[in-house]
Amino acid sequence: MSNRVCPQCGEEYSTTYKSCPFCEEEEAIRQGTPLRRRGGRRVDTQQRRSGGAGGVLLLVTGVIILGVAAFVFLGDWVADTMGIRKDPAPASSQDGDPAGTDGPDAADGETDPVGENRPVQTDPPPNQEDPAAPDGSADPPEPPGPLALSQSAIQIASGDTARLTASGGAGEVSWSSSNEHIATVDGGAVTGVAGGTVTITAASGEESASCTVTVTGEPYVSDLRLKLNKTDFTLSSTDPDVQMRVINRDTNKDYEGPVIWTSSDSSKAAISETGLVTWVSRGTTTVTATVEGQVLECIVRCAR
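Bear in mind that the values here come from a model prediction, so they are computed numbers and not experimental data.

As a further point, take the overall build of the chain. Check the secondary structure of the chain and you find 3 helices and 21 strands. For the chain, the proportion of its 304 residues judged to be buried stands at 26%. Surface summary for the chain: the accessible area is close to 20,800 Å², and the carbon and sulfur share equals 53%.

Another point: the sheet that holds strand S9 (residues 189-192). Taken in spatial order, the 3 strands of this open sheet run S5-S9-S8, and their pairing is antiparallel. In this open sheet, the two strands that pair with only one neighbour each are strand S5 (161-163) and strand S8 (183-186). Going from strand to strand, the sheet's axes swing by 20° on average, the running direction of each strand aside. Where S5 lies against S9, 3 bridges are found, and the strand directions are antiparallel. Across the sheet, residue threonine 161 finds its bridge partner in S9, namely threonine 191.

Per the stated rule, a full pass over the model turns up 5 salt bridges. Across the pair arginine 30 and glutamate 27 runs a salt bridge, and its minimum N-O distance is 2.3 Å. With arginine 30 and glutamate 27 both in helix H1 (residues 21-31) and 3 residues apart, the pair spans about one turn of that helix. The class for glutamate 27 is partly exposed, based on a relative accessible area of 33%. Note that arginine 225 and aspartate 250 form a salt bridge whose closest N and O atoms lie 3.0 Å from each other.

If you check the backbone angles, asparagine 252 has positive phi at about 60° while not being a glycine. For asparagine 252, the position within the fold is in the loop between strand S15 (246-248) and strand S16 (253-254). At glutamate 292, a position not held by glycine, the phi torsion is positive, near 55°. Counting through the fold element by element, glutamate 292 comes out in the loop between strand S20 (283-291) and strand S21 (294-302). The class of glutamate 292 is buried, set by a relative accessible area of 12%.

Turning our eyes to something else, we now look at H1. Residues of H1 that are buried include every one of Pro21, Phe22, Cys23, Glu25 and Ala28, and no others. The inward-facing, buried residues of H1 contact strand S2 (12-14). Just downstream of H1 lies glycine 32, where phi reads positive at about 80°.

Moving on, we come to a nonpolar patch on the surface. Taken together, Val56, Val60, Ile64, Val68, Phe71, Val72, Phe73, Leu74 and Trp77 make up a surface patch of nonpolar side chains, about 1,000 Å² in accessible area. Tracing the backbone shows valine 56 in helix H3 (residues 53-82).

Strand order in the open sheet made by the 3 strands is S12-S15-S16, with antiparallel pairing throughout. Each edge of the open sheet is held by one strand with a lone partner, namely strand S12 (226-228) and S16. Here S12 pairs with S15 via 3 bridges, running antiparallel. By the bridge assignment, leucine 226 is partnered in S15 with asparagine 248.

What follows concerns the nonpolar core. Formed by 20 residues in total, the largest nonpolar core has its most connected members in Leu228, Phe233, Met244, Val246, Trp261, Val277 and Val300. Those elements that provide at least two residues to this core are S12, strand S13 (232-235), strand S18 (269-271), S20 and S21. Ranked by residue count, the leading element in this core is S21, at 4 residues. Beyond its immediate stretch of four places on either side in the chain, tryptophan 261 contacts Leu228, Met244, Arg245, Val246, Ile271, Ser272, Glu273, Thr274, Gly275, Thr288 and Ala289. If you look at the next biggest cluster of nonpolar residues, it comprises 17 residues, including Leu147, Ala162, Ala183 and Val213.

About the thresholds
- Residues numbered from 1 in each chain as written.
- Predicted model: local features only at pLDDT ≥ 70, side-chain atom pairs only at ≥ 80, totals over all residues.
- Heavy atoms only, no water.
- Helix = DSSP H or I, 4+ residues; strand = E, 2+ residues; numbered from the N terminus.
- Buried < 20%, exposed > 50% of the residue type's maximum accessible area, 1.4 Å probe, protein only.
- Areas by Shrake-Rupley, 256 points an atom, 1.4 Å probe, with all protein chains shown as cover.
- Pairing = 2+ DSSP bridges.
- Axes fitted to C-alpha atoms, helices over the stretch in contact; angles between N-to-C directions.
- Salt bridge = Lys/Arg side-chain N within 4 Å of Asp/Glu carboxyl O.
- Contact = heavy atoms within 4.5 Å.
- Patch = residues over 30% accessible without salt bridge, like charges linked within 9 Å, V, L, I, M, F, W, Y side chains within 5 Å.
- Core = buried A, V, L, I, M, F, W, Y, C linked by side-chain atoms within 4.5 Å.

Okay, here's the thing in C-alpha cells:
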C-alpha cells in the first residue's frame, strides 16, 4: 500500500481512495452534508506535522525522565510512607563529614543529630589491672585468720555426740583427744565415752585451738595401778615447794598421761596444774590427783 499527495490541499492519503478524502470531506462540510465514512481525517497531517514516530519517542523519553527525577527526589518519602524501607538510609553530615560527627563530641564517639541512627562508637574500657602491680597480676588473696573453734567448752552425756567446727588456720586441721577413754573426736565430731573431763584439740600447721569437754555419766576407771609419790607431808613457810607425781605401781615410773590437780583449801596450800604444792598459810588441806578415772589424795599440813 502506498500514499499520494493531493495537489489541491497538499494532504497525503492512501491510494485506496479514488480521490482525496480530505477534499471531499471539506466539500461535504461546506454543503452541510458531512460524509459518514470513517477514517481519512487529518490525523495523518497532525502526525506528519508533529514528526510522526519521532514525536511519540520524545513523549516517552520525557515521561521516563520525569519518572527518574521523581524517584530520586521522592523515592525515600514514598518508601517511608508505604512502610517498605528495610534499612535506614545512611545519614550524612551537614558539613560533609562522612563519619557524621561534628564538634568536640566526635572524639568521644558520640553522634551528631544528623547521624543519630548510626551506632555510637565508644572508647575501649580502661585497663582493669591493678596499677600497683607492675606485672598486671591480681592482688594476692588475704591470708587466713588465726585458728579458732566454734566453742571453747561443752558438756555432753556419755554416748552422745557434739559437733565442733574450726575456722582459719593455714592448712588441713587435725583433731585429737587428751583422753579417749572419756571422749573421742573424729573430724570435729566429739562423742562421750565415760564420765569425766577431756580436752579436744584442733591443730593446723603451727597453730592449735582447744575445747574443754565435760562428759556426764559413769566415770571411767582404768585398770592401771596408780599411786602418788606422797600421801601425807608437812610444809612450812620456809620450805621449798613440793612436786607431786603420779606413779605406775607396775612399772614404778611416773605416769605421763594427763592429771587434774586440785586443793581442798587453797588458802592453806595451793597446787599448780603440774602438781607443784606451795605453802600459803598455817593449816591443813588435801591435794587430789584425778587420773584415769581414779582419785588419789595426799594430806598437806602447813606449819609456820
